[in-house]
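# Descriptive analysis of the structure
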Amino acid sequence: MKSSWKKWMEDYSLFLLVVVFLVSIWEWVVRKGFIPSFILPSPTAILKSLLDNRELLLEVHLPATLIEVLIGFGLSLIGGILLGVAMHFSRTLEKVLYPFLVISQTVPLIAISPIFIMWFGYSIWSKIAVTILTAFFPIVVSTYDGLKLGSAEYRELLLTMGANRWDIFKKVHVPMALPSFLSGLKMSVVYCVVGATIGEWLGASEGLGYFSRRMSGNLQADAVFAAIFLLSLLGIVLFLLIGLLEKQLLKNKW
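So, here is what we can say about the structure in this document. Every chain's residues receive numbers from 1 upward, in the order its sequence appears when written. With the structure being a predicted model, the display of local features is reserved for residues of pLDDT at least 70 and the display and counting of side-chain atom pairs for 80 or more, all residues being used for whole-chain, interface and lining totals. In computing side-chain properties, one takes all heavy atoms of the structure into account and sets aside hydrogens as well as water.

### A few points about the overall build of the chain
Operational definition: Only runs of H or I of at least four residues qualify as helices and only runs of E of at least two qualify as strands under DSSP, and these elements are numbered from the N terminus. Three labels apply to residues, based on accessible area from a 1.4 Å probe with only protein chains included: buried if under 20% of the type maximum, exposed if over 50%, partly exposed otherwise in between. A contact between two residues is defined here by any heavy atoms of the two lying within 4.5 Å. Here, Shrake-Rupley sampling with a 1.4 Å probe gives the accessible areas, and only protein chains in the shown set may cover a residue.
Looking only at helices and strands, the chain has 10 helices and 0 strands in total. Across the 254 residues that make up the chain, the buried fraction comes to 38%. Considering only contacts within the chain whose residues lie at least 6 apart along the sequence, 72% involve residues at least 24 apart. Working note: accessible area of the chain is about 15,100 Å², and carbon and sulfur atoms make up 71% of it.

### Overview of the pattern of salt bridges
What counts here: Salt bridge criterion: a side-chain nitrogen from Lys or Arg within 4 Å of a carboxyl oxygen from Asp or Glu.
Evaluation of the coordinates by the stated rule reveals 5 salt bridges. Salt-bridge contacts for E94 lead to R91; the nearest nitrogen and oxygen are separated by 3.0 Å. Pair noted here: E94 and R91 are both in helix α4 (residues 91-104), with a separation of 3 residues, about one helical turn. Among the residues examined, E94 registers a relative accessible area of 11% and is labelled buried. On the basis of relative accessible area, R91 is assigned to the exposed category, the value being 55%. A salt bridge links K148 to D145, with the nearest nitrogen and oxygen atoms 3.9 Å apart.

### Focus on the packing of helix α3 (residues 54-89) against α4
To keep things clear, this is the line we draw: Inter-axis angles, ranging from 0 to 180 degrees, are taken between N-to-C directions of lines fitted to C-alpha atoms, where helices are fitted over the stretch in contact. Between 65 and 115 degrees an angle is taken as roughly perpendicular, under 35 as roughly parallel, over 145 as roughly antiparallel, and anywhere else as oblique.
Between α3 and α4, the least distance of the axes is 6 Å, while the angle of their chain directions is 135°. What the angle tells us is that α3 and α4 run oblique. On α4, the residues that touch L83, A86, M87 and F89 of α3 are R91, L93, E94, L97, Y98 and L101.

### Here we look at the nonpolar core
Stated precisely, the cut-off is as follows: Among buried residues, those of type Ala, Val, Leu, Ile, Met, Phe, Trp, Tyr and Cys that are joined through side-chain atoms within 4.5 Å constitute a nonpolar core.
Counting residues in hydrophobic clusters, the biggest one holds 28 residues, and the most contacted among them are L57, F73 and L185. Secondary-structure elements contributing two or more residues to this core are α2 (43-52), α3, α6 (124-147), α8 (165-202), α9 (208-217) and α10 (221-253). The element that contributes the greatest number of residues to this core is α10, accounting for 9 residues. The contacts of L185, once residues within four sequence positions are left out, are F73, L77, I139 and I242.

### Remarks on helix α5 (residues 109-120)
Applied cut-off: A helix's residues, less one, multiplied by 1.5 Å, set its expected span. Arc, as used here, means the arc of the directions from the helix axis to the C-beta atoms.
Under the 1.5 Å per step criterion, the end-to-end length of α5 is 16 Å for 12 residues, consistent within 8% with the ideal 16 Å. Restricting attention to buried positions, one finds in α5 the residues L109, I112, S113, F116 and I117. Around the axis of α5, the buried residues are gathered within 160° of arc, so they sit on the same side.

### Topic: the packing of α3 against α6
The description of two helices packed together rests on the angle between their axes and the distance between the axes. To keep things clear, this is the line we draw: Crossing chirality is assigned from the near helix's rotation relative to the far helix, an anticlockwise turn below a right angle marking it left-handed and a clockwise turn marking it right-handed. Polar here means any residue outside two lists: the nonpolar Ala, Val, Leu, Ile, Met, Phe, Trp, Tyr, Cys and Pro, and the charged Asp, Glu, Lys and Arg; Gly therefore counts as polar.
Where α3 meets α6, the closest approach of the two axes is 6 Å, and the angle between their N-to-C directions is 35°. In terms of crossing hand, the pair formed by α3 and α6 is right-handed. A class-by-class count of the residues in the contact of α3 with α6 yields 19 nonpolar, 8 polar and 2 charged.

### Topic: the packing of aromatic side chains
Defined as follows: Pairing of aromatic rings covers Phe, Tyr and Trp, the last through its six-membered ring, and needs centres within 6.5 Å; plane angles under 30 degrees mean stacked, over 60 mean edge-to-face, and all others mean tilted.
Under the definition given, this model contains 5 aromatic pairs. With a centroid separation of 5.5 Å and 45° between ring planes, the pair formed by W28 and F34 is classed as tilted. Ring centres 6.5 Å apart and planes at 40° place the aromatic pair F116 and F120 in the tilted group. In this pair, F116 and F120 are both assigned in helix α5, 4 residues apart and thus about one turn of the helix distant. Classification of F116 as buried rests on a relative accessible area of 9%. Among the aromatic side chains, those forming a connected cluster through ring pairs are F116, W119 and F120.

Shown next, in the form of structure tokens:
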């Protein structure tokens, strides 16, 4: 445990020093009045707002956003894996669906989110739909691209040993696809937070995105930044969890 902590400090101590320096400069600039606090509140004001609104933020809005993120990520994970594998096995399916996947990422979320609200109303599913739209693409692409990395030498070796296509898929393609797939997961889970926030901004009654929109309408910049801080923290925590999963899976595989 100590060695892990020591290694972590060696890797990120410079980053932490830079963060402390930047936050200190930020606090000093706002306190000196170079930037009005209603435009950019000081870190201490954001912390005070976070503490003042902790019950509302931590018991109501953060859980609502987290549920949207987890459901959207889970559905994207299942659908993305299935579609990525299907495109790997079917060249025809890949030619038909891949262009649609690319097109789906060219549509601005702000433009399509109101459509989801018309379809699903202001329920949780309109936010989940936006979340899936942002998270689905990196999972599908990372799965499909990862499965293409299977070594031809390994495939030929297994074929000479009497292996069928499913055996080759399990023994060659899946292990070699893991690094790409897990990288896609890390991107996807962060995009889920972005998607859920956008959905809440456009139509919701709870969630950190809804809270920040309401506070911005009241010109409470410190409360807006408190919500943004929690959203960023949520994305970081989920990213790190996928990173831990990646480390364990790759350690076992390689």
